[in-house]
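# Per-entry structural report
Spelled out, the chains give:
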Amino acid sequence: MCGIVGAIAEREVREILLEGLKRLEYRGYDSAGIALISQKKNGDPFIDTVKTVGKVNKLQSAVKSSKLSGRVGIAHTRWATHGKPSVTNAHPHRSGEDIALVHNGIIENFEALRSVLVKEGYGFESDTDTETIAHLIHQRRVKGDSLLEAVKATVKRLEGAYGLCVIDNNEPDKLIVARSGSPLVIGVGIGENFVASDPLALGQVTDRFIYLEEGDIAQIEREEISIWHKSKKVKREITTVLHQAGDTEKGQYQHFMLKEIFEQPRVIQETLDGRVSKTSVLEQAFGIEAPAIFDQVQSVQIVACGTSSHAGLVAKYWLESIAKIPCQVDIASDYRYRDIIVQPGTLFVTISQSGETADTLAALRYAKKLKYVASLAICNVATSSLVRESDISMLTMAGQEIGVASTKAFTTQLAILLVMAIVLARRTGLSAEKEKKLVKELHKLPHVIEKTLGLHRQIKTISKQFSDKHHSLFLGRGIQYPVAKEGALKLKEISYIHAEAYPAGELKHGPLALVDNKMPVVAVAPNNDLLGKLKANLSEVSARGGKLYVFADESIKYQSEKRIKVINVPSCSEILAPIVFTVPLQLLSYYVALTKGTDVDHPRNLAKSVTVE
Ligand code: F6R
């Protein structure tokens, strides 16, 4: 995913910008570039640019052997969406000699805008949507607008998502930035200011940040920052972030697992940023070739291991209910040794946090010999083998996951899979109106997860009742069955309590025999059509003396009774429920393990990345 850094200072900024890009490397990219406002011998400003394909250290070497110098500048790491990775497609993009800009996100109506510009005589050097924005700004500048006015007028014409940072050598003392659908943060310094798509990029120069809001446009000068929202000048608070605990530090948390559970609202937001606009999903975010591939898809084959396979099982329900597309989910270690019959028009999807899981990689290599439409990797590591060997990929933005038990990787996988289901549903008749509704729900997700994390104290209290148990059952119906499976997996791997997940309707076909007063039974009860049936199944448990712990959507007002402990989960739509209900189960397993005193972050016998068969 792309990254932006910008700076305006009295000192040389090129090293600040390059260091910022280095810090954004973890997000994945294929090319990088930098533009500074330099001075000619006669003192006139001009924009000087260096761009390279590949790693930031290639850009660093190219910059070293150039004369690039300046106190105002912008830089970018690009992950190709429109146009292949190349020097011409890398940012910053120019319009004439005067304007340069960097952009994160996707402009959906760029083709229409581009053809208007071509008719007006603009020539295009790149295949990108971004170059269109540069020319639109230029068009306003030649009509007499200031740079700020030109950006304000231009963003009104853009559909899709953008985080923009623009410089102009005719107004060399400012950066103009704008955000909608892609994050931007202003780093506040003394006599110097900065901008970035992620505050991590600016950790070396400031600890004071202004988080721009959706629709904000700002003018950043050395001594002044002015922000507008819907044409009105606004004030935004400066937040001091004394020390941003990186992915490899626990910060205030006792364990990485707990930290990673609590990071979920932020990393889900980061995973959605630039992939969904206000009203629609941005399918180009899956890669340049993605739309043509998706056009051919009639069914989906998902392959993964462990927690990632549970994400696949949830996605099967979404693909069938939203996209009306059949989906098959297989465990990679099983798939790779089977005779596989590929239905025409099937997309092969792998899901993996690490992208190095031996069985998943072997399954991909096997699948590439079969007649799939293409391979898509949903993965958390941009440089992994899985991403490199797949035709297209979509990165989860979970950041490094250190706890062996996967938490934030799982929920970000689910967020991407929901986006994928919507993208495919467009081709099977999902109306723009319905897409808008689904996207509206997706935008609520980080906030609902944040509220759900508020259950941690209550869950900690009930977790004590599990610590002396040896066995437990997890129940869910329909799309909540994989959620129950994930809850059971979390409990067994970090607390070593045997946990078994069942579709609640299967109870009476065998497992009910296990139920007695020593067997805790955990159930997830969202507000959906299966609620009545689930309640009936749960009565079967309490009638046999079993102790039930029911995580129930608060809107259904499920009442606690003698043998039923109800934990009310913040209400959410049916579509978000699998993601939201995962969170209390993660917390439950964490607190049970904490009470038992097991090694939460490094459970016995397990490794974070399973690179052997
Ligand atoms: C469980 C867990 C494992 C992994 C599995 C696949 O908490 O982390 O089950 O999900 O080993 O790993 P990835 O996703 O890296 O392919």
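Since we're looking at a predicted model, the values are computed, not measured.

Helices and strands together make up the secondary structure of the chain, namely 18 helices and 25 strands. Here the C-alpha atoms of the chain give a radius of gyration of 26 Å, agreeing with the 25 Å that 2.2 N^0.38 yields for 613 residues. On the principal axes, the C-alpha backbone points of the chain span a range of 90 × 55 × 45 Å. Considering the chain as a whole, with its 613 residues, one finds that 60% of them fall into the buried category. A sequence separation of at least 24 residues applies to 71% of the contacts in the chain between residues at least 6 apart. Accessible surface, the chain: about 24200 Å² in total, of which carbon and sulfur atoms supply 49%. Taking the 77 positively charged and 70 negatively charged side chains of the chain as two groups, their mean positions are separated by 4 Å.

Moving on, we get to the domain arrangement of the chain. Parsing the chain into structural domains produces domain 1 (3-240), domain 2 (256-452) and domain 3 (456-596). Computed from C-alpha atoms alone, the centre-to-centre distance between domain 1 and domain 2 is 30 Å. A buried area of about 1400 Å², summed over both sides, lies between domain 1 and domain 2, and 59% of it is on carbon and sulfur atoms. Our count for the contact surface shared by domain 1 and domain 2 stands at 0 salt bridges. Connecting domain 1 to domain 2 are 2 residue pairs in polar contact (both at pLDDT 80 or more).

Our focus in this paragraph is the pairing of strand 4 (residues 72-78). Of all 7 residues making up strand 4, 7 are buried, and the element is well covered by its neighbours. Covered by surrounding structure in strand 4 are V72, I74, H76 and R78 together with G73, A75 and T77, the residues of both alternating faces. Two strands pair when backbone bridges link them, and strand 2 (residues 31-39) and strand 4 are joined in this way by 6 bridges, in the antiparallel orientation. Bridging across to strand 4, L36 finds its partner in G73.

Bringing unusual backbone geometry into the picture now. The omega angle of the peptide bond from H91 to P92 is -5°, so this bond is cis rather than trans. Among the secondary structure elements, P92 is positioned in the loop between strand 4 and strand 5 (93-95). Positive phi is not limited to glycine here, since K230 has a value of about 45°. Here K230 is to be found in the loop between strand 13 (225-229) and strand 14 (232-234). K230 gets classed as exposed once you look at its relative accessible area, which sits at 70%. Phi at Y496 takes a positive value of approximately 65°, unusual for a residue other than glycine. On the secondary structure map, Y496 appears in the loop between helix 16 (480-495) and strand 22 (498-503).

Here we come to the environment of K451. Along the chain, K451 falls in helix 14 (residues 432-453). Considered as a pair, K451 and K490 are 39 residues apart in the sequence and their alpha carbons are 21 Å apart.

Rules and cut-offs
- Within every chain, residues take consecutive numbers counted from 1 along the sequence as written.
- At least 70 in pLDDT is required for a residue's local features to be given in this predicted model, at least 80 for side-chain atom pairs to be given and counted, and no such filter applies to totals for whole chains, interfaces and linings, which use all residues.
- Note that the side-chain values use all heavy atoms of the structure and ignore hydrogens as well as water.
- Only DSSP runs of H or I reaching four residues or more are called helices, and only runs of E reaching two or more are called strands; each is numbered from the N terminus.
- Two things to know: the radius of gyration comes from C-alpha atoms, and the globule rule equals 2.2 Å times the number of residues to the power 0.38.
- Burial classification: accessible surface area is computed with a 1.4 Å probe over protein chains only, and a residue below 20% of its type maximum counts as buried, one above 50% as exposed, and the rest as partly exposed.
- The contact rule is simple, with two residues in contact once any of their heavy atoms fall within 4.5 Å.
- Each accessible area value is a Shrake-Rupley result obtained with a 1.4 Å probe; residue values ignore everything except the protein chains displayed when judging cover.
- For this count, His and the chain ends are skipped, Lys and Arg are scored as positive, and Asp and Glu as negative.
- We put the charge of a Lys on NZ, of an Arg on CZ, of an Asp on CG and of a Glu on CD.
- All the domain ranges listed were derived from an automatic or database domain assignment.
- Buried area: the accessible area, evaluated with a 1.4 Å probe, that two parts lose upon being put together, summed over both parts.
- The salt bridge definition used is simple: a Lys or Arg side-chain nitrogen within 4 Å of an Asp or Glu carboxyl oxygen.
- Under the rule applied, a polar contact is a pair of N or O atoms within 3.5 Å (in protein, one hydrogen donor and one hydrogen acceptor; residues adjacent in sequence only if both atoms are side-chain atoms).
- Strands qualify as paired when DSSP identifies two bridges or more between them.

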